[in-house]
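Descriptive structure summary
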Amino acid sequence: MTTRIDTRFAALKAEGRAALVTFVMAGDPDHATSLEIIKALPKAGADLIEIGMPFTDPMADGPAIQAAGLRALAGGETLHSTIDLVRAFRDGDTDTPIILMGYFNPIYIYGVETFLKDAKDAGIDGLIVVDCPPEEDDELCKPALNAGLNFIRLATPTTDEKRLPKVLSNTSGFVYYVSIAGITGAATPDFGKVATAVARIKTHTHLPVAVGFGVKTASDAAAIAKGADGVVVGSALVNTVLKSLDADGKATAKTVSAVTALVSEIAAGVRAVKK
Amino acid sequence: MTIQQTLNSFRTGPDETGHFGNFGGRFVAETLMPLILDLEKAYTDAKADPAFHAELASFHTHYVGRPSPLYFAERLTEHVGGAKIYLKRDELNHTGAHKINNVLGQILLARRMGKTRIIAETGAGQHGVATATACARFGLKCVVYMGAVDVERQKPNVFRMRMLGAEIVPVVSGSKTLKDAMNEALRDWVSNVEDTFYCIGTSAGPHPYPMMVRDFQSIIGKEAREQMLEREGRLPDSLVACIGGGSNAIGLFHPFLDDPSVQIYGVEAAGHGVASGAHAASLNGGRPGVLHGNRTYLLMDADGQIAEAHSISAGLDYPGIGPEHAWLHDTGRVTYLSTTDSEALEAFQLLSKLEGIIPALEPAHAIARAVEIAATKPKDHLMIVNLCGRGDKDIFSVAEHLGGME
């Protein structure tokens, strides 16, 4: 089965460049504005879109994404409305892959089978669920694969050679390499070490490898794009949303354009690297 | 229930994947997965090593002051006029609570693993104090995460931890209480994977923590069993303990789980009442979900967002419970009750006045239900209540509630 994610990575490979994967939080700062942001991302240069599912207790996220999730929850965003968000996006875009990223509890409470069916129907292509490691594959990973969704796994600096095959089993779409042992939005990674790690992962899999955590600027993105098949930018975009808000935390006329401006800049960095 | 009838033992869990029935597991980020696998291996090795047990036993005797007494609460018993009430006095331990039992086990394990930096989360501050104490004793760097709200309401313990050389990090994310302190400790661990050992304070978190913490706390139940056999020539008829995450309770309960004659009661914090929504009773007022590495009963909304717990006792103010308790609840082996803030305050005063023992607000929750249950039992019924902490840390907040400061 070929998914939108497979098709997109194959097309970019043929084009000779890496993918830009952008992360924004569903419902941040409010549902309508986040839909506008997501709709504007492909034109700004995003090749794949990750949408954060807000959660009260995001244990692998730094302050920026924690705060974005709480803004979204304060605005009434739920997992149901996040699925609606993707359905609305699909009205105008049937090609850009959409991946939901977050934590297991809201999905578990929604009901795994119902969630997978609703997600697939809405046009969601893949899932990244931070607190579902291979040891818990029966919970969500295998049902998701059976439902025709990609289940994208995180590999990290602590995933050694012995463990890597386990992490790469039951996975599809792409592999998300976490560039640092740390939380989202933390220190800038050592690009040399990242390139070595990506090369190591590629000896174990034919899947594309995207790299995220700590990528903030066009030059960071370009440095990563040399060795990886994709570059993920998240906290930098979420911080841009925050900076655009008014004193009451509401969206302003600048919110969408500030995000697309940064995405365009980073996309230029990624596209400048020919492979 | 059918599960209970088909089980040969309640004491064999968890299974090799860390599950107690459907509860428990290892729901953590990939960065941490290799670390908890290492920890599991190190703990399995230590558990099989007599030298590890000998070292721990020596510290129990000479540093903690174990065994803790099993004390016949004569005046409380007379007052109630029912069951014979014994108190397992873990509040007499060094640092004033049962927390040190677990911390010493984990710190000795951290030393075996060559870890040099210890992190911990704390609510009331008792686990933080115990961890800071053990770190001082072994010359280890100690960082304690504590919700900013708890830093404010547990000032004496914050000062104690600083005296012991620990760094206190007030957590300002989320609801600024214990669950957020645990999130922040997990974030620290993800970021410091080489040298850091995460010393979890309760029988929750990803496998192997619920099992390991239970094993270290089971000294309470093992001693209580021997002491009761020596004093009365038979097993107790009932056990009562308070539950936040549930480490003191599982420590007392576990050695008795396969004795069907022993009735076992856990007591959750009902705050302003389970019906009010402002409580910390995960079993009586929550449902199964996944948080902090394990599946267990949690307080949450319809969307699966974790709710804020409420209890007068900072040590019980957590929206979850250890997975083994979730399983014991579902199998029906243990009965889980709850106590409100005001009932706990009454029990706090009752024990102080009748026995000259000021309990922590946490075990005051157990005392409140124990007194009620004991009143319905005959005089030859033997009851053990776990007095898991002393009330020195709570006197200021209790005084505020009772108006006794003037």
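Residues numbered from 1 in each chain as written. Chains lettered and ligands numbered in written order. Predicted model: local features only at pLDDT ≥ 70, side-chain atom pairs only at ≥ 80, totals over all residues. Heavy atoms only, no water.

What follows is about the confidence of the model for chain B. Here chain B shows a mean pLDDT of 95. Residues at 70 or above account for 98%. Taken together, the chains of this predicted complex give a pTM of 0.96 and an interface ipTM of 0.96. (pLDDT = per-residue confidence, 0-100.)

Residue and element names in this part refer to chain B. There is a patch of nonpolar side chains on the surface, built from Phe 159, Met 163 and Leu 164 and spanning about 330 Å² of accessible area. With respect to the helices, strands and loops of the structure, Leu 164 is situated in the loop between helix H8 (155-163) and strand S7 (167-171). The exposure class assigned to Leu 164 is partly exposed, which follows from its relative accessible area of 30%. (Patch = residues over 30% accessible without salt bridge, like charges linked within 9 Å, V, L, I, M, F, W, Y side chains within 5 Å. Areas by Shrake-Rupley, 256 points an atom, 1.4 Å probe, with all protein chains shown as cover. Salt bridge = Lys/Arg side-chain N within 4 Å of Asp/Glu carboxyl O. Helix = DSSP H or I, 4+ residues; strand = E, 2+ residues; numbered from the N terminus. Buried < 20%, exposed > 50% of the residue type's maximum accessible area, 1.4 Å probe, protein only.)

Before going further, it helps to spend a moment on the packing of helix H2 (residues 31-44) of chain A against helix H12 (residues 255-271) of chain A. Residues and elements named next belong to chain A. With their axes 9 Å apart at the nearest point, H2 and H12 run at an angle of 25° to one another. Comparing their axes, H12 and H2 come out roughly parallel. Between H2 and H12 lies a crossing of right-handed hand. Residues Thr 33, Glu 36, Ile 37, Ala 40, Leu 41 and Ala 44 of H2 lie in contact with H12, whose contacting residues are Thr 255, Val 256, Val 259, Thr 260, Val 263, Ser 264 and Ala 267. (Axes fitted to C-alpha atoms, helices over the stretch in contact; angles between N-to-C directions. Parallel < 35°, antiparallel > 145°, perpendicular 65-115°, else oblique. Left-handed = near helix turned anticlockwise from the far one by under 90°. Contact = heavy atoms within 4.5 Å.)

This part takes up the packing of aromatic side chains. Throughout the structure, instances matching the rule amount to 16 aromatic pairs over all chains. Measuring from ring centre to ring centre gives 6.4 Å for Trp189(B) and Tyr209(B), while their planes differ by 75°; the resulting arrangement is edge-to-face. Taken as a pair, Trp189(B) in helix H9 (residues 178-191) and Tyr209(B) in helix H10 (residues 209-217) lie far apart in primary sequence, 20 residues in all. Members of the aromatic cluster, joined through ring pairs, are Phe104(A), Tyr108(A) and Phe27(B). Above the ring of Phe72(B), the side-chain terminus of Lys84(B) is found at 5.1 Å from the ring centroid. Over the face of the ring belonging to Tyr71(B) we find Arg89(B), whose NZ or CZ atom lies 5.5 Å from the ring centre. (Phe/Tyr/Trp six-rings, centres within 6.5 Å; stacked < 30°, edge-to-face > 60°. Lys NZ or Arg CZ within 6 Å of the ring centre and 35° of its normal.)

All right, on to H10(B) then. Taken across its nine residues, H10(B) has nine buried, putting it largely inside the fold. Turning to H10(B), its buried residues number three or more, namely Tyr209(B), Pro210(B), Met211(B), Met212(B), Val213(B), Arg214(B), Asp215(B), Phe216(B) and Gln217(B).

All names here are of chain B. The first and last C-alpha atoms of H9 sit 20 Å apart over 14 residues, in line with the 20 Å expected at 1.5 Å per residue. Burial within H9 is extensive, with twelve of its 14 residues counted as buried. Those residues of H9 that sit buried are Leu 178, Lys 179, Asp 180, Ala 181, Met 182, Asn 183, Ala 185, Leu 186, Arg 187, Asp 188, Trp 189 and Val 190. (Expected span 1.5 Å × (residues − 1).)

All names here are of chain B. Closest axis-to-axis distance for the helix H15 (residues 341-355)/helix H16 (residues 361-375) pair is 8 Å, and the angle between their directions is 90°. On the basis of the axis angle, H15 is roughly perpendicular to H16. In contact with Glu 343, Ala 344, Leu 345, Ala 347, Phe 348, Leu 350 and Leu 351 of H15, H16 contributes Leu 361, Ala 364, His 365, Ile 367, Ala 368, Arg 369 and Val 371. Its residues placed into classes, the contact of H15 with H16 shows eleven nonpolar, one polar and two charged. (Nonpolar A, V, L, I, M, F, W, Y, C, P; charged D, E, K, R; others polar.)

It is worth spelling out the side chain of Asn93(B) at this point. Structurally, the position occupied by Asn93(B) is in the loop between strand S4 (84-88) and helix H5 (99-112). At 2.9 Å, the side chain of Asn93(B) forms a polar contact with the side chain of Asp90(B). (Polar contact = N/O pair within 3.5 Å; in protein donor to acceptor, adjacent residues only side chain to side chain.)

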